[in-house]
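Examining the three-dimensional arrangement
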Amino acid sequence: MKPARFEYRRVATVDEAIEHLSEVGDEAKVLAGGQSLVPLLGFRLARPRMLVDITRVEGLRYMRRDGEALRIGALTVHRAVETMRSSLADGHRILAEAARWVGHYPIRTRGTFGGSIAHADPASEWCMLAVALDAVVTAQGPGGKRDIPAGELFQGFFTTVLAPDELIIEVRFPRVWEHAAIEEFARRKGDFALVAATVALDLEDGRCRDARIVLGGVDEVPLRLLEAERALTGAVCSTPLFEEIGDLASAAISPVSDIHADAEHRRELAAVVVRRALGRAVGGGPDGDSRPVEGSSR
Ligand SMILES: Cc1cc2nc3c(=O)[nH]c(=O)nc-3n(C[C@H](O)[C@H](O)[C@H](O)COP(=O)(O)OP(=O)(O)OC[C@H]3O[C@@H](n4cnc5c(N)ncnc54)[C@H](O)[C@@H]3O)c2cc1C
């Protein structure tokens, strides 16, 4: 199908983009990498009156260290994250690792970090990581900039707290997580995950001091598993513990059944991906078996 008619504005600055977005309100759509929006236009699932093309806006395509923090400009493409140099990735390696799970190579060369976050697909790797790693999203609108914790950004399927005239300009990962891992299950390489898990741990002498466990693809938003995190915190990492945490994850979710998988299958997958991610986070084997971890993570 062809898209419905729309007005097209290519802008050179963030201010210009915000001007158009303010003028047209929720009948306008931002065009970044186009990897989600263009198919929606083609199927006429989105019929905006105006497309505001931000692809030529200068200064939104960067990755920078700021102390422990890693700042990623909204127009940074997935492939740039995947190939970031090691001095940037130090302590944030999970981002480069996760990028490999995002779609196919051509999608990763065009799709943008800010576009993924704004699109708010609950199975998106960046949305899941943003919640797991306490990322802060900076949005800019007519009233200036504001910081939104990722945990408060996502409101439901493809829905965020962003106003129609706000643009995501940066996502900041505030701290280093030395022990973090992502695990997914998708039927075909490049598909969105049926179920994905991100875990991040602070460890001291093999004991977990702090934990984040987030599942993607099982709910309307990336789902933080607070009960499982509590069960892990203070405990000594071991394979039986990780199995227990996997079971807690499975019990904590109420996924839907659809043509891709039924709810029971998704629950089983949740237990597996959480267990494996925990095992990998502590440097264990591919099936989630833990090995003793020495020293502190920070
Ligand atoms: C076959 C296929 C497989 C895919 N697999 C995966 C996958 O496994 N994992 C995954 O995470 N993604 C996957 N994607 C989606 C891909 O990662 C997209 O790049 C991403 O979701 C959207 O980024 P974009 O830059 O292309 O945004 P666009 O498609 O241009 O825009 C998406 C939405 O975000 C809004 N938007 C874009 N940028 C901003 C901004 N800076 N501020 C405010 N709003 C903005 C747009 O208005 C639009 O509503 C897949 C896509 C395809 C086609």
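Here the structure is a predicted model, which is why all the values come from computation and not from measurement. (Residues numbered from 1 in each chain as written. Predicted model: local features only at pLDDT ≥ 70, side-chain atom pairs only at ≥ 80, totals over all residues. Heavy atoms only, no water.)

**A few points about the pattern of salt bridges**
We count it as follows: Put simply, a salt bridge is a Lys or Arg side-chain nitrogen that is within 4 Å of an Asp or Glu carboxyl oxygen. Counting from the N terminus, the helices are DSSP H or I runs at least four residues long and the strands are E runs at least two residues long. A 1.4 Å probe rolled over the protein chains alone gives each residue an accessible area, and that area as a share of the maximum for its type sets the label: buried under 20%, exposed over 50%, partly exposed in between.
Overall, the coordinates contain 19 salt bridges when judged by the stated rule. Its salt-bridge partner being Asp-202, residue Arg-175 comes within 3.0 Å of it at the nearest N-O pair. Residue Arg-175 is found in the loop between strand E10 (167-173) and strand E11 (179-185), and its partner Asp-202 is found in strand E12 (residues 195-204); the two are separated by 27 residues along the sequence. In this structure Asp-202 comes out as buried when scored by relative accessible area, which is 6%.

**What to know about the side chain of Arg-175**
Note the following rule: Whenever a nitrogen or oxygen atom comes within 3.5 Å of another N or O atom, the pair is scored as a polar contact, on the condition that within protein one atom can donate a hydrogen and the other can accept it, and that pairs from neighbouring residues in sequence are kept only if both atoms are in side chains.
A relative accessible area of 14% places Arg-175 in the buried class. Within the structure, Arg-175 has its side chain in polar contact with the side chain of Asp-202 (distance 3.0 Å).

**Thoughts on the domain arrangement of the protein**
What counts, and what does not: In this entry, domain limits derive from an automatic or database-based domain assignment. We call two residues contacting when some pair of their heavy atoms lies within 4.5 Å. Buried area: the sum, over both parts, of the accessible surface (1.4 Å probe) that disappears when the two are put together.
Structurally, the protein comprises domain 1 (7-53), domain 2 (63-173) and domain 3 (180-281). At the interface, 23 residues of domain 2 touch 23 residues of domain 3. Surface buried jointly by domain 2 and domain 3 totals about 2,000 Å² across both partners, of which 65% is contributed by carbon and sulfur atoms. There are two salt bridges connecting domain 2 and domain 3. The partner of Arg-212 in a salt bridge is Asp-134, and the shortest N-O contact between them spans 2.9 Å.

**Here we look at the state of the cysteines**
Quick note on the threshold: The rule for a disulfide is simple: a pair of cysteine sulfur atoms within 2.5 Å.
Tallying each qualifying case throughout the model produces zero disulfides. Cys-237 takes part in no disulfide bond, and the closest cysteine sulfur to it belongs to Cys-208, at a distance of 5.5 Å. The class of Cys-237 is buried, set by a relative accessible area of 13%.

**Thoughts on the sheet that holds strand E5 (residues 69-73)**
Basically, it comes down to this: Two strands qualify as a pair provided DSSP detects at least 2 bridges between them. Axis lines are fitted to C-alpha atoms, over the contacting stretch for helices. Their N-to-C directions set the angle, which ranges from 0 to 180 degrees.
Overall, antiparallel pairing links the five strands, which are arranged E4-E5-E10-E6-E7 in an open sheet. Single-partner strands in this sheet number two, and they are strand E4 (63-66) and strand E7 (144-149). On average, each strand axis in the sheet is tilted by 25 degrees relative to the strand beside it, whichever way the strands run.

**A word on the sheet that holds strand E14 (residues 223-224)**
Strands sit in the order E11-E12-E13-E14 across an open sheet of four strands; the sheet is antiparallel. The open sheet has two edge strands, E11 and E14, and neither has a second partner. Pairing between E12 and strand E13 (residues 207-216): nine bridges, direction antiparallel. The residue of E13 that forms the bridge with Ala-196 is Gly-216. On top of the sheet, helix H8 (residues 125-132) reaches E11, E12 and E13; it is set at about 150 degrees to E13, its chief contact.

**Quick word on the site of the ligand**
Here is the rule: Here a residue is near a molecule or strand as soon as one of its heavy atoms is found within 4 Å of it. With residues, only the protein chains shown are counted as cover, and all accessible areas are computed by Shrake-Rupley using a 1.4 Å probe. Residues are grouped as follows: Ala, Val, Leu, Ile, Met, Phe, Trp, Tyr, Cys and Pro are nonpolar; Asp, Glu, Lys and Arg are charged; all remaining types, including Gly, are polar.
Lining the immediate surroundings of the ligand are 29 residues, of which Val-30, Gly-34, Leu-37, Thr-112 and Glu-125 lie closest. Contact between the ligand and Thr-112: an oxygen atom at 2.6 Å from a side-chain N or O atom of the residue. Measuring from a nitrogen atom of the ligand, one finds a side-chain N or O atom of Glu-125 at 2.7 Å. In isolation the ligand offers 970 Å² of accessible surface; the protein chains occlude 89% of this area. At four residues, the largest contribution of residues to the shell around the ligand is made by helix H7 (residues 113-119). Its residues placed into classes, the shell around the ligand shows 13 nonpolar, 13 polar and three charged.

**Some words on the packing of aromatic side chains**
The criterion, for reference: Between 30 and 60 degrees the pair is tilted, below 30 it is stacked and above 60 it is edge-to-face, where a pair is any two Phe, Tyr or Trp rings, Trp via its six-membered ring, whose centres lie within 6.5 Å.
What the rule picks out here adds up to two aromatic pairs. Each ring, one from Phe-113 and one from Trp-126, has its centre 4.6 Å from the other, and the planes form 25 degrees; the classification is stacked. Separated by 13 residues along the polypeptide, Phe-113 in helix H7 and Trp-126 in helix H8 bring together distant segments of the chain. For the pair Phe-113 and Trp-126, a shared accessibility class is recorded, and that class is buried. Seen from their ring centres, Phe-113 and Phe-173 are 6.0 Å apart, and the 90 degrees between their planes marks the pair as edge-to-face. In this pair, Phe-113 is assigned in helix H7 and Phe-173 in strand E10, connecting sequence segments 60 residues apart.

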